[in-house]
Amino acid sequence: MDTRVLKVDPSQPDPSVVEEAARAIRGGQLVAFPTETVYGLGANAFDPVAVAKIFEAKGRPATDPLIVHSAHIGQLSMCASQVPPAARQLGLAFWAGPLTIILPKQPQISDSVTAGLPSVALRVPSHRVARALLEMAGVPVAAPSANRFSRPSPTTAAHVVADLDGRIDVVLDGGATDIGLESTIVDFTVDPPVMRRPGGLTLEQIRRVVPEVVAVSEQGSAGVAQVAPGQLTRHYAPQAALTLYMGAAHLAVARVAADTRTLAARGARVGILAPEEDLRALAPELAPLAATGRVEVQPYGSRSDPERSARELFAGLRALDACGVSYILATAIDAGGLGLAVVDRLTRAAEGRVRKV
Ligand code: TXA
Ligand code: MG
């Protein structure tokens with residue numbers, strides 16, 4: 001299949017371009033589109049044949065349910081059979097925006113969207129292109145992140161094309177996404193409500209509106225078996241083996257320097273992913289190794305600016321993979337605010353290789 005890439009101005013999307021993509025959605029085709037978090041891969045949520053194509057294009061297991069996107073909160077009654085007052089309050093406070101809410105589903109949402117679960121994940125994105133597309137499509141749109149299964153989520157149209165060219169019908173190219181990692185998922189089918197995935201909306205922001213929301217880690221042993229289905233699988237992983245260094249900056253930097261020297265001495269090519277302060281501290285150590293071509297460095301934001309770290313994280317992982325390194329050594333930022341989601345994604349990418357220093 002030929003994938004059509006349609007450029008669109010993210011602040012003033014040309015209606016005729018978006019209409020072409022909306023027509024593709026209505027016609028049962030797959031359309032990748034920018035949201036304020038990451039690019040999504042959309043299909044008509046009421047068309048099980050179109051939804052099945054999403055799983056095939058991504059190589060995603062059918063057991064991992066999709067988020068349903070709507071243009072307006074009002075459309076949600078088409079998808080959810082019951083909306084508790086706290087969920088409505090949270091939606092009113094933060095939609096349109098980087099929030100996903102899990103609610104009991106309406107029968108017309110097909111089992112292929114929800115992987116047979118009795119619940120459905122719902123989101124109203126704020127990105128102008130996403131909103132225009134959803135409005136013109138006139139149907140709720142099921143959309144996971146527009147990456148091949150287990151790869152980092154795409155924050156540019158080029159990332160989407162790198163993963164899915166020839167496997168999907170249309171890419172709406174609205175430039176780089178703003179937040180850079182996925183929405184925060186809050187599950188209202190349990191009491192108290194549980195944050196199943198940290199993301200672009202912080203737990204602090206959520207608790208200001210619904211104080212009783214708990215993080216998965218606070219649930220105790222009974223809740224552990226209930227993490228979001230997709231959170232159990234390999235996720236956000238670069239091709240290189242990533243090791244995450246958590247702890248005080250100077251200690252993390254010292255360990256990364258030592259481990260880089262060891263790996264480079266064995267002939268390995270090593271990528272360093274770190275906030276810019278850490279890279280500055282590492283520079284004297286790494287300069288001689290970088291000159292040999294053994295070491296590639298990639299900044300992701302700054303310890304003092306978690307928003308920028310979030311925005312640059314996935315692109316940084318992809319850039320290091322493109323250099324062909326076999327190992328990535330990454331230093332973590334603090335886990336407050338958006339940092340919680342950043343550290344979550346890095347921890348998953350590390351697949352257990354976490355060094356606490
Ligand atoms: O920011 C985002 O959320 C992006 C953009 C495109 O909206 N979407 C996204 O979708 O990240 P995806 O499919 O990559 O991640 C959705 C997560 C998965 O881990 C899935 O298991 C979980 O949401 N999920 C979906 N429906 C669920 C349900 N009914 N119950 C529990 N978890 C659910
Ligand atoms: Mg995803």
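Parameters and conventions
Residues numbered from 1 in each chain as written. Chains lettered and ligands numbered in written order. Predicted model: local features only at pLDDT ≥ 70, side-chain atom pairs only at ≥ 80, totals over all residues. Heavy atoms only, no water. Helix = DSSP H or I, 4+ residues; strand = E, 2+ residues; numbered from the N terminus. Rg over C-alpha atoms; globule rule 2.2 N^0.38 Å. Buried < 20%, exposed > 50% of the residue type's maximum accessible area, 1.4 Å probe, protein only. Contact = heavy atoms within 4.5 Å. Areas by Shrake-Rupley, 256 points an atom, 1.4 Å probe, with all protein chains shown as cover. Lys, Arg positive; Asp, Glu negative; His and termini not counted. Charge placed at Lys NZ, Arg CZ, Asp CG, Glu CD. Pairing = 2+ DSSP bridges. Axes fitted to C-alpha atoms, helices over the stretch in contact; angles between N-to-C directions. Near = heavy atom within 4 Å. Polar contact = N/O pair within 3.5 Å; in protein donor to acceptor, adjacent residues only side chain to side chain. Nonpolar A, V, L, I, M, F, W, Y, C, P; charged D, E, K, R; others polar. Core = buried A, V, L, I, M, F, W, Y, C linked by side-chain atoms within 4.5 Å.

Novice: Could you clarify how one ought to interpret the overall build of the protein chain in this entry?
Specialist: Per the secondary structure count, the protein chain includes 12 helices and 16 strands. Expected size for 357 residues packed as a compact globule is a radius of gyration near 21 Å; at 20 Å, the protein chain falls within 12% of this value. Over its C-alpha atoms, taken along the principal directions, the protein chain stretches across nearly 60 × 50 × 35 Å. Here the protein chain holds 357 residues, and the buried ones make up 55% of them. Considering only contacts within the protein chain whose residues lie at least 6 apart along the sequence, 72% involve residues at least 24 apart. Total accessible area on the protein chain stands at roughly 13,900 Å², and carbon and sulfur atoms take up 54% of it. Side-chain charges in the protein chain split into 35 positive and 35 negative, and the spacing between the mean points of these groups amounts to 4 Å.

Novice: Would you take a moment to explain the sheet that holds strand E4 (residues 67-69) for this structure?
Specialist: Within a beta sheet, neighbouring strands are joined by backbone hydrogen bonds and run either parallel or antiparallel to one another. With mixed pairing, 11 strands are arranged side by side in an open sheet as E1-E8-E2-E3-E7-E4-E6-E5-E9-E10-E11. With one partner strand each, in any of the chains shown, strand E1 (4-7) and strand E11 (214-215) form the two edges of the open sheet. When strand E2 (residues 31-34) meets strand E8 (residues 170-173), the two strands line up parallel, connected through two bridges. By the bridge assignment for E8, Val 31 is matched with Val 170. Against the sheet, helix H2 (residues 48-58) engages strand E3 (39-44) and strand E7 (141-142), with an angle of about 145° to E3.

Novice: What am I meant to see in the environment of Ala 254 here?
Specialist: Here Ala 254 is to be found in helix H9 (residues 249-265). Take Ala 254: its relative accessible area is 44%, and that puts it in the partly exposed class.

Novice: Sorry if this is basic, but what is going on with the site of ligand 1 here?
Specialist: The immediate surroundings of ligand 1 are formed by 26 residues, with Thr 37, Asp 64, His 69, Ser 183 and Arg 197 found nearest. Between ligand 1 and the protein, one listed contact pairs an oxygen atom with a side-chain N or O atom of Arg 60 at 2.9 Å. For ligand 1, the accessible surface in isolation is 680 Å², of which the surrounding protein chains cover 97%. Counting only elements with at least two residues in the shell around ligand 1, the list comes to E4 and strand E6 (119-123). Broken down by element, the shell around ligand 1 gets its largest block of residues, four residues, from E6. Grouping the constituent residues of the shell around ligand 1 by class yields 13 nonpolar, eight polar and five charged.

Novice: Got a minute to help me understand the side chain of His 127 in this structure?
Specialist: Note that His 127 resides in the loop between E6 and helix H5 (128-137). Exposure remark for His 127: the relative accessible area of 11% places this residue in the buried category.

Novice: How should the nonpolar core be read in this particular structure?
Specialist: Generally speaking, nonpolar side chains in soluble globular proteins are found buried as a group. If you look at the biggest cluster of nonpolar residues, it comprises 45 residues, and the most contacted ones within it are Leu 41, Leu 90, Leu 122 and Ile 168. Elements represented by at least two residues in this core include exactly E3, H2, helix H3 (85-94), strand E5 (99-104), E6, helix H6 (157-164) and helix H7 (203-209). In terms of residue count, the dominant contributor to this core is H2 (five residues). If we ignore the near neighbours within four places in the chain, the residues touching Leu 122 are Ile 67, Val 68, Leu 76, Cys 79, Ala 80, Trp 95, Leu 99, Thr 100, Ile 101 and Leu 103. Membership of the second largest hydrophobic core comes to 26 residues, among which are Leu 313, Phe 314, Leu 320 and Ile 333.

Novice: Looking at this structure, how should I read the side chain of Ser 183?
Specialist: Relative to the assigned elements, Ser 183 resides in the loop between E8 and strand E9 (184-187). Since its relative accessible area comes to 2%, Ser 183 is described here as buried. Reaching out from Ser 183, the side chain makes a polar contact with the side chain of Thr 100 at a distance of 2.8 Å. Beyond its immediate chain neighbours, meaning those up to four positions away, Ser 183 contacts Thr 37, Ile 67, Pro 98, Leu 99, Thr 100, Arg 123, Arg 197, Pro 198, Gly 199, Gly 200 and Arg 345.

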